[in-house]
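Commentary on secondary and tertiary structure
Here's the letter readout for the chains.
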Amino acid sequence: PPAFKMLVEKGAGVPFGTIFACLMTACMLGSSVFGLLLKAGIELESFVAGMVAISATSLAGAAWALRVRPKGALHITAVCFFLFEACVGLYFPSVGTLRSKYV
């Protein structure tokens, strides 16, 4: 991603394969959390609202980190993107369940 390319030093390689694997792992973890939240008895609509808030906050955090510290924000940006991908993983089973509930 361009955000990660911008954060590394000139001439340094960006491990795109590792980044992609970490993003997909975060997405899988989000999907796994869905089952745990349902088993815990948490209402679906409430954790979907929390998921949307967390995903928006994580993207805002990445944008803020890139704006404030454009050369020193690699770790903050990575964590924010991984958190967003976990929310994406939580999104798909949540929306499928909501669709079956209301449609």
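Residues numbered from 1 in each chain as written. Predicted model: local features only at pLDDT ≥ 70, side-chain atom pairs only at ≥ 80, totals over all residues. Heavy atoms only, no water.

This part is about the packing of helix α3 (residues 44-68) against helix α4 (residues 74-102). For any two helices packed against each other, the geometry is given by the interaxial angle and the distance between the axes. Relative to each other, α3 and α4 sit at 155°, their axes nearing to 8 Å. Judged on the interaxial angle alone, α4 and α3 are roughly antiparallel. Considering the relative orientation of α3 and α4, their crossing is left-handed. Split by residue class, the contact of α3 with α4 holds 19 nonpolar, 6 polar and 2 charged. (Axes fitted to C-alpha atoms, helices over the stretch in contact; angles between N-to-C directions. Helix = DSSP H or I, 4+ residues; strand = E, 2+ residues; numbered from the N terminus. Parallel < 35°, antiparallel > 145°, perpendicular 65-115°, else oblique. Left-handed = near helix turned anticlockwise from the far one by under 90°. Nonpolar A, V, L, I, M, F, W, Y, C, P; charged D, E, K, R; others polar.)

In an α-helix, one full turn covers 3.6 residues, which means residues spaced three or four apart are oriented alike. Spanning 29 residues, α4 covers 41 Å between terminal C-alpha atoms, matching the ideal 42 Å at 1.5 Å per step. A maximum bend of about 25° is found in α4 at Y91, where proline P93 lies one to four positions downstream. T77, A78, C80, E85, C87, G89, L90, S94 and L98 are the residues of α4 that are buried. Along its buried surface, α4 packs onto α1 (2-7), α2 (16-39) and α3. (Expected span 1.5 Å × (residues − 1). Bend = angle between axes of the 7 residues up to and from the residue. Buried < 20%, exposed > 50% of the residue type's maximum accessible area, 1.4 Å probe, protein only. Contact = heavy atoms within 4.5 Å.)

Our next topic: the pattern of salt bridges. One pass over the structure, following the stated rule, counts 1 salt bridge. Across the pair E45 and K101 runs a salt bridge whose closest N-O atoms are separated by 3.0 Å. Here the residue E45 occupies a position in helix α3, and K101 occupies one in helix α4, the gap between them amounting to 56 residues. (Salt bridge = Lys/Arg side-chain N within 4 Å of Asp/Glu carboxyl O.)

With that settled, the discussion passes to the environment of T25. Position of T25 among the secondary structure elements: in helix α2. Linking T25 and A86, residues 61 residues apart in sequence, is a C-alpha distance of 8.3 Å. Looking at T25, its side chain comes within polar contact range of the main-chain oxygen of A21, at 2.8 Å. (Polar contact = N/O pair within 3.5 Å; in protein donor to acceptor, adjacent residues only side chain to side chain.)

Moving on, we get to the side chain of E85. Locating E85 in the fold gives a position in helix α4. Buried and unpaired, E85 has R99 as its nearest opposite-charge partner, separated by 17 Å. Non-local contacts of E85, meaning those with residues more than four positions away in its chain, are made with L23, M24, A26 and C27. (Lys, Arg positive; Asp, Glu negative; His and termini not counted.)

A few words now on the packing of α2 against α4. Their axes nearest at 7 Å, the elements α2 and α4 cross at an angle of 45°. Taken as axis vectors, α2 and α4 run oblique relative to one another. Where α2 crosses over α4, the two elements pack in a sense that is right-handed. Taken together, the residues of α4 that come into contact with α2 (itself represented by I19, C22, L23, M24, A26, C27, G30, S31, V33, F34 and L37) are F81, F82, E85, A86, V88, G89, L90, P93, S94 and T97. Residues belonging to the contact of α2 with α4 are distributed by class as follows: 15 nonpolar, 5 polar and 1 charged.

Moving on, we come to the environment of I42. Relative to the elements of secondary structure, I42 occurs in the loop between α2 and α3. Separated by 51 residues in sequence, I42 and P93 place their C-alpha atoms 15 Å apart. Sequence-distant contacts of I42, that is, excluding residues within four places in its chain, are made with L37 and F47.

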